[in-house]
Amino acid sequence: MKPNVFHRLLTGLLLALAIGGQVAAQTEAQPKLPTVNLQAGMHNIRAEVARTAQQTQTGMMFRKEMAAHEGMLFVFDSPAQRCFWMRNTLLPLTIAYIADDGAIVDLIDMQPLSEGTHCSSQPVRFALEMNQGWFAKRGIKPGFKLKGPPFGS
C-alpha cells in the first residue's frame, strides 16, 4: 500500500472513531444555553437559544424538568422545512414552528422518547419547544405572532 493511501485511510478511521465517540458519549443534558426573552401576548418566555449544529442536535435530550415559562428556541441560518424527533427527550413537548416575522406556522405535540418525526408544513428558520400544553392553555394557535429580538420586534 502506498504511504499516501495509508495516511488517508488512517485519517478517515480516526475521524470516524472521533465522530462515533461524540455520538456515543451524548448521555446527559447539555449545559444551559444563553437565553432570550420572548413575548406571547402578556406571557413571557425565557428561551435557551440553540444555534450550533451540536446544540440543535442535542436540544432538550436528557432534561428532566423545565419551568413553565421556559423553552428552547432553535435558530437556523435560512428557512427550510424542519423536522424534529424526541430521541432521548424525557419531557412531553409542544413544538412551534415560527416564520421570520414571529408568526407561528405549526404547533405539534411530541411524546417523550419517540423517534417519529414532526415536520413543519412550510420552510421556517425558528422552532420553539415548550412544555406540552403550554400554547393550548394560553389559547395560542397558528397565526399568533410572538415578539422578541429574533423576530425583529
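Just so you know, the residues in each chain are numbered from 1, in the order the chain's sequence is written. Only residues with pLDDT of at least 70 get local features here, since the model is predicted, and only at 80 or more are side-chain atom pairs given and counted; chain-wide, interface and lining totals rely on the full set of residues. Computation of side-chain values covers all heavy atoms of the structure but excludes hydrogens and water.

### Topic: the overall build of the protein chain
Our working rule: Secondary structure counts use DSSP, requiring at least four H or I residues in a row for a helix and at least two E residues in a row for a strand, with both numbered from the N terminus. Residue exposure (1.4 Å probe, protein chains only): buried if accessible area is under 20% of the type maximum, exposed if over 50%, otherwise partly exposed. Any two residues whose heavy atoms approach within 4.5 Å are treated as being in contact. The Shrake-Rupley method, run with a 1.4 Å probe sphere, supplies the accessible areas, and residue values consider only the shown protein chains as cover.
Within the protein chain, the secondary structure is distributed over three helices and eight strands. Secondary structure of the protein chain in N-to-C order comes out as α-β-β-α-β-β-β-β-β-β-α. Per-residue burial for the protein chain yields a buried fraction of 38% across its 153 residues. Considering only contacts within the protein chain whose residues lie at least 6 apart along the sequence, 68% involve residues at least 24 apart. Roughly 8,800 Å² of accessible area belongs to the protein chain as shown, and the carbon and sulfur atoms make up 58% of that amount.

### Concerning the confidence of the model for the protein chain
As a reminder, the rule being used: The score called pLDDT rates the predictor's confidence residue by residue, from a low of 0 to a high of 100.
Summary statistics for the protein chain give a mean pLDDT of 88 and a share of 83% for residues scoring 70 or more. Considering only residues more than four positions removed or in separate chains, one finds that residues 1-25, a stretch of pLDDT under 50, has two contacts.

### Quick look at the state of the cysteines
Let me state the cut-off plainly: Pairs of cysteine sulfur atoms within 2.5 Å are what we label disulfides.
All told, the structure shown has one disulfide when counted by the stated rule. Across a sulfur-sulfur distance of 2.0 Å, C83 and C119 are joined as a disulfide pair. Note on the C83 and C119 pair: the S-S dihedral is about 110 degrees, so by sign convention the disulfide is right-handed. Taken together, the residues C83 in strand β4 (residues 83-84) and C119 in strand β7 (residues 118-119) connect sequence positions 36 residues apart.

### Details of unusual backbone geometry
The phi torsion at N88 lies on the positive side, around 60 degrees, for a residue other than glycine. In this structure, N88 sits in the loop between β4 and β5 (93-98). Here the phi dihedral of L113 falls at roughly 60 degrees; this positive angle occurs in a residue that is not glycine. Summarising the element assignment, L113 is placed in the loop between β6 (104-110) and β7. The exposure class of L113 is exposed, given its relative accessible area of 54%.

### Looking at the nonpolar core
Put simply, the test is: What is meant by a nonpolar core is a set of buried Ala, Val, Leu, Ile, Met, Phe, Trp, Tyr and Cys residues, joined one to another through side-chain atoms within 4.5 Å.
Counting residues in hydrophobic clusters, the biggest one holds 19 residues, and the most contacted among them are I45, L73, I98, L128 and F135. Elements with a contribution of two residues or more to this core: β1 (35-40), β2 (43-50), β3 (70-80), β5, β8 (124-131) and α3 (134-137). One finds F76, L93, V105 and A127 within the second-largest nonpolar core, a separate group that totals 17 residues.

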